[in-house]
Amino acid sequence: MRLNSKWNRRGFLGTVATIAGVMLTPRKLFATNRNAAGASKTVTGFGQTGNPYQELGVTTVINCEGTMTVLGGSLPHPELEAVMTMAGRHFVSIPELEVAAGSRIASMLKLPPDYSALVTSGAAAAMQSGLAGILTGGNEALIRQLPDLTGMKSEVIIQKSHRNPFDHQLRSTGIRLVEIETVDQFRAAVNERTAMMHFSNFANAAGQIKVDEWVRLAKQNNIPCMNDAAADTPPVSHLWDYANMGYDLITFSGGKAIRGPQCAGLLIGRKEMVTNALLNNSPHEDTLGRSQKVGKEEIIGMVKALELFLSEDHDALAKQWQDRLEGVSREIMKVPGVSTSFFVPDIANHVPHMQILWDETRVKLTPEEARKLLRASKPAIVIGEGEERPGLAMNSFMLQPGEDKIVAEQLSRILREHVA
Ligand SMILES: *Cc1c(COP(=O)(O)O)cnc(C)c1O
């Protein structure tokens, strides 16, 4: 017990010291004594088939739905896996690593000078830790006290249409969400308990107050302002757009389209707020964020993932994704009564999608039945509902090479089998 709290206290002070830049320069302890070639030993036992999922009896699926956390998010670039493996070969001070990774990310993204970044275990963790940092500042007693808000501010203002399941991470700090719809209601809601204003980027179109006006209102009232843009790359420029717009904190998922480590995310924001978020997060014990551990592999992986993501030809990728959909379209349109159309959601999963419709008097099958048959086919295929459109909708940005052909074959087989 005693040891524990001593370690905890040391960890806390260590981070404060690291951030202040007073920690001793690390010696290159492990620079030469590890053999990088040791990585590819043959696996025996579990994993020896190359597909550990199959060994557990869990079916892997072809993903036409996109970056869904429930399906595993996205698949990492091979170079990312290699760098994460390297990260797993050394011990390092996690707070020191967090600070160094954050400043590398800030310079890669060319963030404004008073901005930094923190690698978290996901966008949800970034929301919680970011808000926790605003509530507690660098006060250790307050950090320990959360979610008991005695002595702290206790309200976060949000537009009613921006409420979504992820605001649980804001509520977990103990705050109360105050819902408003109009600017007048906003003005009436501001008081001395107001800690933050929250914006859900995907809901921009749904709310009366748009993304730029929201941050303007925040500045006028001197209230910190957060934008949850978890799934809102591409376009890649979103990684810096909202910081440039003046948002104090912005959150992104690492494990969605950025194709970073699955259990990683980014908190981008004002340096002091990012520091206070880290103090409320793992590895610091007796903090709300201790349950959101982020490992050295994820921190290193997130830096690499952003480097890879920034250097990608995003126009060429979008074209490749569209070409795949058109290939599937050509195949399934051969079935009488089937039609397709294309769309790109304005925000969140801003990638080519294809809507698939059929005349149910000619093809005797409901979209729901088609989805079930595809899920049960071999290989199994997961395809979405129509994103508030009738029929089925698919995207192709999480497909692996050749899987578009399989999808085209299976889908046209299933449709054809039900032609009246
Ligand atoms: C996915 C998502 C999150 C959570 O992101 P994680 O990286 O999985 O923690 C939060 N907000 C929105 C809008 C999301 O789409």
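All figures in this text were calculated on a predicted structure; none of them were measured in a lab.

### With respect to unusual backbone geometry
In step 1: Note that the residue after L146, namely P147, is joined by a cis bond; omega there is 5°.
In step 2: With respect to the secondary-structure elements, P147 resides in the loop between α6 (140–145) and β3 (155–159).
In step 3: Along the chain, T233 connects to P234 via a cis peptide bond; the corresponding omega equals -10°.
In step 4: Even without being a glycine, A348 presents a positive backbone phi close to 65°.
In step 5: Mapped onto the secondary structure, A348 falls in the loop between β9 (338–343) and β10 (353–358).
In step 6: Take A348: its relative accessible area is 18%, and that puts it in the buried class.

### As for the sheet that holds strand β7 (residues 249–253)
In step 1: Across the sheet, 7 strands lie side by side as β2-β8-β7-β6-β5-β3-β4; this open sheet has mixed pairing. Two strands in the sheet have a free side with no partner beyond their single neighbour: β2 (115–120) and β4 (176–180). On average, adjacent strands in this sheet sit at an angle of 25° to one another, irrespective of strand direction.
In step 2: Where β3 and strand β5 (residues 194–200) come together, 4 bridges link them in parallel fashion. Residue pairing for β5: V156 is matched across the bridge by M196.

### Quick look at the environment of K378
In step 1: Tracing the backbone through its elements, the reader meets K378 in the loop between α14 (367–376) and β11 (380–382).
In step 2: In sequence terms K378 and Q410 are 32 residues apart; their C-alpha atoms lie 8.8 Å from each other.

### Description of the site of the ligand
In step 1: All residues in the neighbourhood of the ligand are listed as T69, G122, A123, A124, F166, F202, D228, A230, A231, S253 and K256.
In step 2: One of the backbone nitrogen or oxygen atoms of A123 is found 2.8 Å away from an oxygen atom of the ligand.
In step 3: Within the side chain of D228, a nitrogen or oxygen atom sits 2.7 Å from a nitrogen atom of the ligand.
In step 4: About the coverage of the ligand: the protein hides 82% of its 380 Å² of free accessible area.
In step 5: Its atoms largely coinciding with the cavity grid, the ligand occupies the largest pocket.

### A closer look at the packing of aromatic side chains
A ring pair, where both rings are aromatic, is described by two values, the distance of the centres and the angle of the planes.
In step 1: Throughout the structure, instances matching the rule amount to 5 aromatic pairs.
In step 2: Judged by centre distance (6.2 Å) and plane angle (55°), the rings of F199 and Y247 are tilted. Residue F199 is found in strand β5, and its partner Y247 is found in the loop between α10 (238–245) and β7; the two are separated by 48 residues along the sequence. Residue F199 shares its accessibility class with Y247, and that shared class is buried.
In step 3: In textbook terms, an aromatic cluster arises when at least three aromatic residues are bridged by ring pairs, as seen for F186, F199, W214, Y242 and Y247.
In step 4: Between R389 and the ring centre of F343, over which it is positioned, the NZ or CZ distance is 3.6 Å.

### Focus on the domain arrangement of the protein chain
In step 1: Segmentation of the protein chain into domains returns domain 1 (91–311) and domain 2 (314–417).
In step 2: Taken over C-alpha atoms, the centre of domain 1 sits 35 Å from the centre of domain 2.
In step 3: Taken together, the contact between domain 1 and domain 2 spans 11 residues of the former and 7 residues of the latter.
In step 4: Carbon and sulfur atoms make up 73% of the surface buried where domain 1 meets domain 2, a total of about 740 Å² over both sides.
In step 5: At the boundary of domain 1 and domain 2, one finds 0 salt bridges.

### Observations regarding the layout of surface pockets
In step 1: Estimated volume of the largest pocket: approximately 1200 Å³.
In step 2: Residue contributions to the lining of the largest pocket peak at 4 residues, all from helix α5 (residues 123–136).
In step 3: A domain-level breakdown of the lining of the largest pocket finds at least three residues from each of domain 1 (91–311) and domain 2 (314–417).

### Considerations on a nonpolar patch on the surface
In step 1: A surface patch of nonpolar side chains, about 460 Å² in accessible area, is lined by F46, Y53, L56 and V58.
In step 2: Relative to the assigned elements, F46 resides in the loop between α1 (2–20) and α2 (52–55).
In step 3: Using a relative accessible area of 54% as the deciding quantity, one classes F46 as exposed.

### Remarks on the pairing of β10
In step 1: Within β10, 5 of the 6 residues are buried, leaving the element largely enclosed by the surrounding structure.
In step 2: Relative to β10, β9 runs antiparallel, the two being bridged by 6 bridges. Across the sheet, residue S341 finds its bridge partner in β10, namely Q355.
In step 3: As judged from the 4 bridges shared by β10 and strand β13 (residues 392–395), these two strands associate in the antiparallel manner. Of the residues in β13, the one forming a bridge with M354 is M394.

Cut-off values and rules
- Residues numbered from 1 in each chain as written.
- Predicted model: local features only at pLDDT ≥ 70, side-chain atom pairs only at ≥ 80, totals over all residues.
- Heavy atoms only, no water.
- Helix = DSSP H or I, 4+ residues; strand = E, 2+ residues; numbered from the N terminus.
- Buried < 20%, exposed > 50% of the residue type's maximum accessible area, 1.4 Å probe, protein only.
- Pairing = 2+ DSSP bridges.
- Axes fitted to C-alpha atoms, helices over the stretch in contact; angles between N-to-C directions.
- Near = heavy atom within 4 Å.
- Polar contact = N/O pair within 3.5 Å; in protein donor to acceptor, adjacent residues only side chain to side chain.
- Areas by Shrake-Rupley, 256 points an atom, 1.4 Å probe, with all protein chains shown as cover.
- 1 Å grid on protein atoms, 1.4 Å probe; cavity = no way out; pocket = protein on both sides within 12 Å on 5 of 7 lines; lining within 4 Å.
- Sits in = over half its atoms within 2 Å of the grid points.
- Phe/Tyr/Trp six-rings, centres within 6.5 Å; stacked < 30°, edge-to-face > 60°.
- Lys NZ or Arg CZ within 6 Å of the ring centre and 35° of its normal.
- Domains from an automatic or database assignment.
- Contact = heavy atoms within 4.5 Å.
- Buried area = accessible area lost by both parts, 1.4 Å probe.
- Salt bridge = Lys/Arg side-chain N within 4 Å of Asp/Glu carboxyl O.
- Points joined across faces, edges and corners; volume = space filled by probe spheres on them.
- Patch = residues over 30% accessible without salt bridge, like charges linked within 9 Å, V, L, I, M, F, W, Y side chains within 5 Å.

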